[in-house]
Amino acid sequence: MKRALLFFLFLLVFNFVSAQEPVPSRSVYVEIGGPGLPYSFNYDFRFDKERIDSWGMRVGMGGYKTSDNDSFFSIPLMVNRLYGKGPHYFELGFGATFFAFDTYDNSYCIDGFFNQNGEYICRQTSSNYYSFILEVDGSPSVMGTMNFGYRKVPVDGGFTWKVNINPIFNNNGFWPLFAGIGIGYSF
């Protein structure tokens with residue numbers, strides 16, 4: 001009788017363990033706006049691989065280069081938490097975006113005069129600074145980021161999407177209304 005009971009318990013536990021499907025604790029997605037600033041490609045994972053509604057982290061990369069030789073490169077890093085039950089989650093996060101840029105120097109003279117020899121002497125040139133919503137002191141730089149949004153993650157994995165409000169800040173100010181939208185795949 002004891003053997004039959006142990007065998008039955010073994011089968012019950014084995015069936016319970018094998019019936020649990022792995023949850024999609026990782027995602028890859030592209031995001032327009034958001035912490036990557038203009039856009040970014042991202043990898044997101046949960047620290048607890050058994051629960052989607054837990055703490056996690058995202059790491060991304062974005063950038064561009066224009067025909068005028070302007071370039072921009074960003075690396076968003078964020079810690080985030082998902083709250084809710086599958087497939088609907090509220091996402092809360094905070095982190096930083098490291099970025100570097102190179103802009104074509106387009107400064108020009110805004111005040112000057114002609115001397116006695118007919119040469120133009122510039123007294124003051126335009127200030128050539130970079131801004132991405134907020135003024136930036138130089139390159140490379142860091143922008144603080146926050147994340148408040150909705151994320152849909154199917155319980156079996158697959159197509160996922162998200163919509164966020166992403167306040168950004170640095171030593172020159174705070175912009176609360178920056179946003180992002182992303183689509184990708186959870187597995």
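Residues numbered from 1 in each chain as written. Predicted model: local features only at pLDDT ≥ 70, side-chain atom pairs only at ≥ 80, totals over all residues. Heavy atoms only, no water.

Explain the pairing of strand E10 (residues 141–152) residue by residue, including any values.
Bridge count for strand E5 (residues 88–102) against E10 is 12 bridges, and the pairing is antiparallel. Within E10, the position partnered with glycine 93 by the bridge is asparagine 147. Where E10 and strand E12 (residues 168–170) come together, 2 bridges link them in antiparallel fashion. When the bridges of E12 are listed, glycine 144 appears paired with phenylalanine 169. In this sheet, strand E11 (residues 158–165) lies alongside E10 in antiparallel orientation, the contact comprising 5 bridges. From the neighbouring strand, lysine 152 faces E11, where its bridge partner is tryptophan 161. The antiparallel hairpin formed by E10 and E11 contains 5 residues in its connecting segment, where glycine 157 sits at a positive phi of about 85 degrees. (Pairing = 2+ DSSP bridges. Helix = DSSP H or I, 4+ residues; strand = E, 2+ residues; numbered from the N terminus.)

Now, about the environment of tyrosine 64: what can you tell me, with residues and values included?
Inspection of the secondary structure assignment puts tyrosine 64 in strand E3 (residues 55–65). The class of tyrosine 64 is partly exposed, set by a relative accessible area of 34%. Along the chain, tyrosine 64 and tyrosine 39 lie 25 residues apart, while their C-alpha atoms are 9.2 Å from each other. (Buried < 20%, exposed > 50% of the residue type's maximum accessible area, 1.4 Å probe, protein only.)

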